[in-house]
Amino acid sequence: MNWDDTAPPATDDVAPGGPDRLVGADADGEDTAVEAALRPKDLAEFVGQERVREQLDLVLRAARARGATADHVLLSGAPGLGKTTLSMIIAAEMGAPIRITSGPAIQHAGDLAAILSSLQEGEVLFLDEIHRMSRPAEEMLYMAMEDFRVDVIVGKGPGATAIPLELPPFTLVGATTRAGLLPPPLRDRFGFTAHMEFYAPAELQRVIHRSAGLLDVDIEPDGAAEIAGRSRGTPRIANRLLRRVRDYAQVKADGLITREIASQALRVYEVDARGLDRLDRAVLTALLKLFGGGPVGLSTLAVAVGEERETVEEVAEPFLVREGMLARTPRGRIATPAAWAHLGLVPPQQQSGGSGQQGLFGP
């Protein structure tokens, strides 16, 4: 049976907020404050992203040897993987100041012109969520990146005059979670493009040990491994879980984080061994128990969970798809065998002892 619906897909390019989630990759106020103290200051100290680090090191060392500004850099990847940190490292390695802004903050070409005209020679301009910049500002950025010049329009109508404004050489570091939304003319103007990958558990353990040292937290290797395994391959989530486990260890134990303490703490915060939280499990539970594993339409699934369809689609589904527990098909969402196994449930065709008919995933 097909529980499908025909509601149009969401078109916003900003992930809906949804509920506050311990395993959410977006930074909140506390993350921003703590990350400033935990960020590495140079490439040698940066953990993970080995390929990106090696390539970026060559770019920066060559620029320093020439006595020139570094090429423009585009960093893409999911939130929480270190794009902002790398932008600050680029400025530090080049011995240059850094200016930080974001695409949504630049809604007019004049906003961008004001920022560019105040840059110093060699300064690094970090533009987060660059794909959300307005089109007029984006077109102005083309000339600024290529020729270090912008045309400022004075006046309106037939009497408007373009005044060329020369800019000092600078390095633009753009960050985006949706590289596919960048127009080719903008993407082609970056001299170096890097895609940030999710971290392996071993890399996250190194991140956790480093952060624990900076936060003066006692942690055993198996405790760090337990946290790393539930961190969804994302350093920001690993650091957030570390802080919550630290709180639990201080209140419920002697302050030392072991595997058992980490497991007990994250059970309190409803983060299971695979990194799924309450929302993730609610989606899987509804899909399996109410709809027999699907297929089921997104809106129907969202109603069953009691959340907005955008929350289910943009907040819960990406990780479930990446973990191989849920699949998006033209007929609707379907659960995979991994989802049944994770929740300890038996698929209907196995419950009936097998009828000889082929199921969704084969015989």
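Structure's up top.
As the structure is a prediction and not an experimental result, all values here were calculated from the model. (Residues numbered from 1 in each chain as written. Predicted model: local features only at pLDDT ≥ 70, side-chain atom pairs only at ≥ 80, totals over all residues. Heavy atoms only, no water.)

Peer 1: Run through the overall build of the chain, naming residues and quoting values.
Peer 2: Along the chain, the regular secondary structure elements total 15 helices and nine strands. Buried positions account for 45% of the 363 residues belonging to the chain. Across the chain, contacts joining residues at least 24 apart in sequence account for 72% of those joining residues at least 6 apart. A total of about 17200 Å² of accessible surface is found on the chain, and carbon and sulfur atoms cover 52% of it. (Helix = DSSP H or I, 4+ residues; strand = E, 2+ residues; numbered from the N terminus. Buried < 20%, exposed > 50% of the residue type's maximum accessible area, 1.4 Å probe, protein only. Contact = heavy atoms within 4.5 Å. Areas by Shrake-Rupley, 256 points an atom, 1.4 Å probe, with all protein chains shown as cover.)

Peer 1: An account of the nonpolar core is needed here, citing residue identities and associated values.
Peer 2: Leu 56, Leu 86, Ile 208, Ile 219, Ile 227 and Ile 257 are the most contacted members of the largest nonpolar core, which totals 50 residues. Of all the elements, helix α9 (residues 235–252) adds the most residues to this core, at seven residues. What Ile 257 contacts, discounting residues up to four positions off in sequence, is Val 217, Asp 218, Ile 219, Glu 220, Gly 223, Ile 227, Leu 242, Val 245, Arg 246, Ala 249 and Ala 262. If you look at the next biggest cluster of nonpolar residues, it comprises 24 residues, including Leu 74, Ile 130, Leu 167 and Leu 182. (Core = buried A, V, L, I, M, F, W, Y, C linked by side-chain atoms within 4.5 Å.)

Peer 1: If you had to explain the packing of helix α11 (residues 278–290) against helix α12 (residues 298–305) to someone new, which residues and values would you point to?
Peer 2: Running from amino to carboxyl end, α11 crosses α12 at an angle of 110°, the nearest separation of the two axes being 9 Å. Of the possible angle classes, the one that applies to α11 and α12 is roughly perpendicular. Helix-helix and strand crossings are classified by hand; for α11 and α12 the assignment is right-handed. In this structure, α11 uses Leu 279, Ala 282, Val 283, Ala 286, Leu 287 and Leu 290 to contact α12, whose residues at the interface are Leu 301, Ala 304 and Val 305. (Axes fitted to C-alpha atoms, helices over the stretch in contact; angles between N-to-C directions. Parallel < 35°, antiparallel > 145°, perpendicular 65-115°, else oblique. Left-handed = near helix turned anticlockwise from the far one by under 90°.)

Peer 1: Break down the pattern of salt bridges for me, with residues and values.
Peer 2: Throughout the structure, instances matching the rule amount to 19 salt bridges. One salt bridge in this structure joins Asp 247 and Arg 246, with 3.4 Å as the shortest N-O distance. Classification of Asp 247 as partly exposed rests on a relative accessible area of 24%. The network of salt bridges with common partners includes Glu 313, Glu 317, Arg 328 and Arg 333. (Salt bridge = Lys/Arg side-chain N within 4 Å of Asp/Glu carboxyl O.)

Peer 1: Before we move on, could you go through the sheet that holds strand β3 (residues 124–128) and cite the residues and values that matter?
Peer 2: In space, the five strands of this open sheet follow the order β2-β3-β6-β1-β7, with parallel pairing throughout. Each having just a single partner strand, β2 (98–102) and β7 (192–195) make up the two edges of the open sheet. Strand-to-strand twist across the sheet, computed as the mean angle between neighbouring axes with direction ignored, equals 15°. Both strand β1 (residues 73–76) and β7 contribute to a ladder of four bridges, which runs parallel. When the bridges of β7 are listed, Leu 74 appears paired with Thr 193. Sheet contacts for helix α2 (residues 50–66): β1 and β7; angle to β7, the most-contacted strand, approximately 165°. (Pairing = 2+ DSSP bridges.)

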